[in-house]
Amino acid sequence: MRGIIRFITGKASGAIVIAVFVVLSGLAFFWGSGEGGDVAPAGDLPASAESAKVEEALATFETEDSSAALFVFHRDGEALTPDDLAAVSAASSGIADAAGVDALPPAFPAEDGEAMILTVPLDATTDVDAQSARAEAMRAAAADGLPDGLIPVMTGPEGFAVDIAAVFEGANFTLLTVTVLVVAFLLIVTYRSPVLWLIPLSVVGLADGVAGIVATRIVGAFGLTMDASIKGILSVLVFGAGTNYALLLIARYRDELRVSADRREAMATALRGAGPAIIASGGTVALSLATLLFASLGGNVVLGLACAIGVVIAMVFALVLLPATLVLFPRGIFWPVVPRVGDDQHGKGFWFKLGTGVSKRPAIVAGAGIVVLIALAAVAPSIKVGLAQTERFTSTPEAVVGQELLNEHFPDLAGAPAVVVANSGAAQAAADRAAEIEGVASASVGDSSGEITRIDVGLSSPAETEEALATVERLRAELSQVDGADAIVGGLDAQALDEQAAQDRDQLLLFPLILAVVFVVLLLLLRSLVAPILLLLTVVGSFFASVGASWLLFENVFGFPALDTSVLLFSFLFLVALGVDYNIFLVTRAREEAVKHGTKDGMIRSLSATGGVITSAGILLAAVFAALGVLPLITLTQIGIIVCVGVLLDTLLVRTVIVPALAFLTGDRFWWPSKGILEDPRPAHAESAHPGQVGGGSHHAKPAHAKPAHAKS
């Protein structure tokens, strides 16, 4: 390991390291992600899901995959005129040409006379650009020549597909821009240097670009697809984790520059001190993300694989390219606060005073902190999960407006049709039974492929509402009783129901699996049983508290009706994996200090040394995840807010006071059953603890060969 560190920080070898990274990164950008354009993500549900079986059965029919757009014409609450009806009929031919079909079914008015609906059958496509261009052409044709005040609104399956794609049009650029600006601002505030912040930002930015390409290639090699939402989360995670690792390493390097006159020697010592904590942290996050490979939902698998790759790349760039780049520059890069050899770094600052104060009343502090977590977590049971199709946007796209018009003027058409596949011999009996079920508006036998027949079932409730999902459950229960039908139910609502069930299964599997991974890593890292258990309990408590606090915000500030089904799993994953990072940074240093100074003073010294940099890292990570809120999709906004709140809670409360208080309360038992930490090695008159440097190795004797304090390097 020392040889590798020497190679990274050496003058000639360091230049080789930089050249290798530049060449490999250039090759990655030249190679590209392999994507010719935006493509809709592949099916998300496992093959065992009933709605997925319906899709597989429908693929055997000779008919092509189809979709549909619905145009609702209205006058914003006023009755339509005869001229309006004639204008819609005249526009039909232009819409048909734009859609690429011969003719359209006739439009028909609502019973209240305030709206008219026109159905446009379409061939399904996964090419997002072609789909968007077709939609724009249809919208232009629908609006052409209409009387003043008559408004066409496009909705239906095609409308929602186009509007969801539009949400992410330019989203990566917007999100990346906001993320870079947030990181740049916080780095400038942290370092108070006009130049230094450019180095970690450039390294992490390069890591993000490479991670996006490599992750897309590897995910594609498994026949999977990364959609825009996963790419956004990947960028946020790489920037957040990579910048955290950079903050820790640079803080350790700055402290070593106060001890060593040779900046390359200082960086080598910094890598030996901070490197293990960074590797443990990045490894924990990557392994936790890798647990998603056991998920049943395709989107969860893709996110886990892509983000695990991203974190590993961010960690490698931070541990190899960043130190090799930093030592190219003299210590003046820290200007105006340039670290000099011999500078006093043992002042009793805020974090030392906080640690000392907590050590005097650990029971009261721990109790108060735990009460805060419990009070916030008590809100969690009131959380609602599951968003309807019209509730998934923070803004109101055209498709949502159209669906609301359908709900108001065409209640019988507001629901998404269910598709039933049954054995042909019992298809009519299945259709008759379906028509009698509560919540079903119509049921008719459709195409047949010989042995199996399609049955189209209209639902009377709006798509993806609780009522629609309940109707699908009744359909499945009732049709399973039809002799010889072997009926299975699919369609949009059935897919939503199956996705919810799969997400529930994934949570039951992955929550304990993630905790087990983190526990094992802590066990191996700390060589203790008590400390990992306490740390894991604090992280879990922080998660439930952040969910409760966020739900209060969602209900009372943002007006969100519920959480999306994937939000809890992703939030748990990010908060547990990333939240334990800061505990790793704190407790690994505390363990090292405890060997020399005992548990109590060791924890105070650790808090003094790591408090500032970890707090900066936590605030930065919280701000980066909050940047997900720039996208008008509620799912990403909710994940961003929950992780932001959770990281702040963990950084400012759990890691700052609760964990040290628990260590003070348990004393040397905190490290049980480790040997060698149980006895305070200091004599009774030993000097009280003072803060040292981040990441270990805080008690350096000034080397005999060191240059004077004014020497330059």
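This text follows the structure it describes.
Residues numbered from 1 in each chain as written. Predicted model: local features only at pLDDT ≥ 70, side-chain atom pairs only at ≥ 80, totals over all residues. Heavy atoms only, no water.

**Describing unusual backbone geometry**
Following W335, the chain continues into P336 via a peptide bond in cis, with omega recorded as 15°. In this structure, the amide linkage connecting W672 to the following residue, P673, adopts the cis form with an omega of 5°. For D76, which is not a glycine, the phi torsion comes out positive at approximately 55°. With respect to the element layout, D76 can be found in the loop between strand 1 (66-74) and helix 4 (82-99). The phi dihedral of R192 is positive, around 50°, even though this residue is not glycine. The topology assignment puts R192 in the loop between helix 7 (171-191) and helix 8 (198-221). Owing to a relative accessible area of 55%, R192 belongs among the exposed residues under this scheme. (Helix = DSSP H or I, 4+ residues; strand = E, 2+ residues; numbered from the N terminus. Buried < 20%, exposed > 50% of the residue type's maximum accessible area, 1.4 Å probe, protein only.)

**Overview of the pairing of strand 3 (residues 115-123)**
The pairing of strand 1 with strand 3 spans 9 bridges and is antiparallel. Paired with F71 across the strands is L118, a residue of strand 3. Here strand 2 (residues 108-109) pairs with strand 3 via 2 bridges, running antiparallel. Along strand 3, the bridge assignment pairs F108 with I117. (Pairing = 2+ DSSP bridges.)

**Re the sheet that holds strand 4 (residues 151-155)**
Pairing within the open sheet is antiparallel, and its 4 strands lie in the order 2-3-1-4. Only two strands of the sheet have a single partner each, and these edge strands are strand 2 and strand 4. Here 5 bridges tie strand 1 to strand 4, and the two strands are oriented antiparallel to one another. Within strand 4, the position partnered with F71 by the bridge is M154. Contacts from helix 4 reach strand 1 and strand 3 within the one sheet, and its direction differs from that of strand 3 by about 15°. Contacting strand 1, strand 3 and strand 4, helix 6 (residues 156-167) crosses the sheet at an angle of about 95° to strand 1. (Contact = heavy atoms within 4.5 Å. Axes fitted to C-alpha atoms, helices over the stretch in contact; angles between N-to-C directions.)

**Details of the packing of helix 13 (residues 362-377) against helix 18 (residues 530-558)**
Remark: helix 13 packs on helix 18, axes separated minimally by 7 Å, with the N-to-C direction vectors making an angle of 50°. Here helix 13 is positioned oblique relative to helix 18, judged by the angle of their axes. Crossing of helix 13 over helix 18 shows left-handed handedness. Contacts between helix 13 and helix 18 pair L373, L376 and A377 from the former with G541, S542, F544, A545, G548 and A549 from the latter. Split by residue class, the contact of helix 13 with helix 18 holds 6 nonpolar, 3 polar and no charged. (Parallel < 35°, antiparallel > 145°, perpendicular 65-115°, else oblique. Left-handed = near helix turned anticlockwise from the far one by under 90°. Nonpolar A, V, L, I, M, F, W, Y, C, P; charged D, E, K, R; others polar.)

**Examining helix 12 (residues 350-360)**
Considered for burial, the residues of helix 12 that qualify are W351, F352, G355, V358 and S359. One face of helix 12 carries all of its buried residues, which in axial projection span an arc of 130°. Helix 12 presents F350, K353 and K360 as exposed residues on the side facing more than 90 degrees away from its buried surface. Buried residues along helix 12 sit against helix 13, helix 20 (599-626) and helix 21 (634-666). (Arc of directions from axis to C-beta.)

**Examining the environment of R6**
Turning to its location among the elements, R6 is positioned in helix 1 (residues 2-9). Given a relative accessible area of 40%, R6 falls into the partly exposed group. Each C-alpha atom of the pair R6 and L118 lies 72 Å from the other, and the pair is 112 residues apart in sequence. Separated by 2.8 Å, the side chains of R6 and E265 make a polar contact. (Polar contact = N/O pair within 3.5 Å; in protein donor to acceptor, adjacent residues only side chain to side chain.)

**Things to note about the sheet that holds strand 5 (residues 418-423)**
Strands sit in the order 6-7-5-8 across an open sheet of 4 strands; the sheet is antiparallel. Whereas interior strands pair on both sides, the edge strands pair on one side only; in this sheet they are strand 6 (440-448) and strand 8 (488-491). On average, adjacent strands in this sheet sit at an angle of 25° to one another, irrespective of strand direction. Here strand 5 pairs with strand 7 (residues 452-459) via 6 bridges, running antiparallel.

**Examining the pattern of salt bridges**
Close approach of charged atoms allows side chains with opposite charge to pair. Scanning the model with the defined rule gives 15 salt bridges in all. A cluster of three or more residues bridged by salt bridges with shared partners is formed by E136, R139, D163 and E398. (Salt bridge = Lys/Arg side-chain N within 4 Å of Asp/Glu carboxyl O.)

**Structural notes on the packing of aromatic side chains**
Going through the model one piece at a time under the given rule, you end up with 15 aromatic pairs. When the ring of F511 is compared with that of F543, the centres are 6.4 Å apart and the planes differ by 85°; the resulting orientation is edge-to-face. Taken as a pair, F511 in helix 17 (residues 492-526) and F543 in helix 18 lie far apart in primary sequence, 32 residues in all. In this structure, F511 and F543 share a single accessibility class: buried. Taking 5.4 Å as the distance between ring centres and 20° as the angle between the ring planes, the aromatic pair formed by F558 and F560 counts as stacked. These aromatic residues form a ring-pair network of at least three members: F511, F543, F544 and F572. Positioned above the aromatic ring of W351, the side-chain terminus of R655 is 5.8 Å from the ring centre. (Phe/Tyr/Trp six-rings, centres within 6.5 Å; stacked < 30°, edge-to-face > 60°. Lys NZ or Arg CZ within 6 Å of the ring centre and 35° of its normal.)

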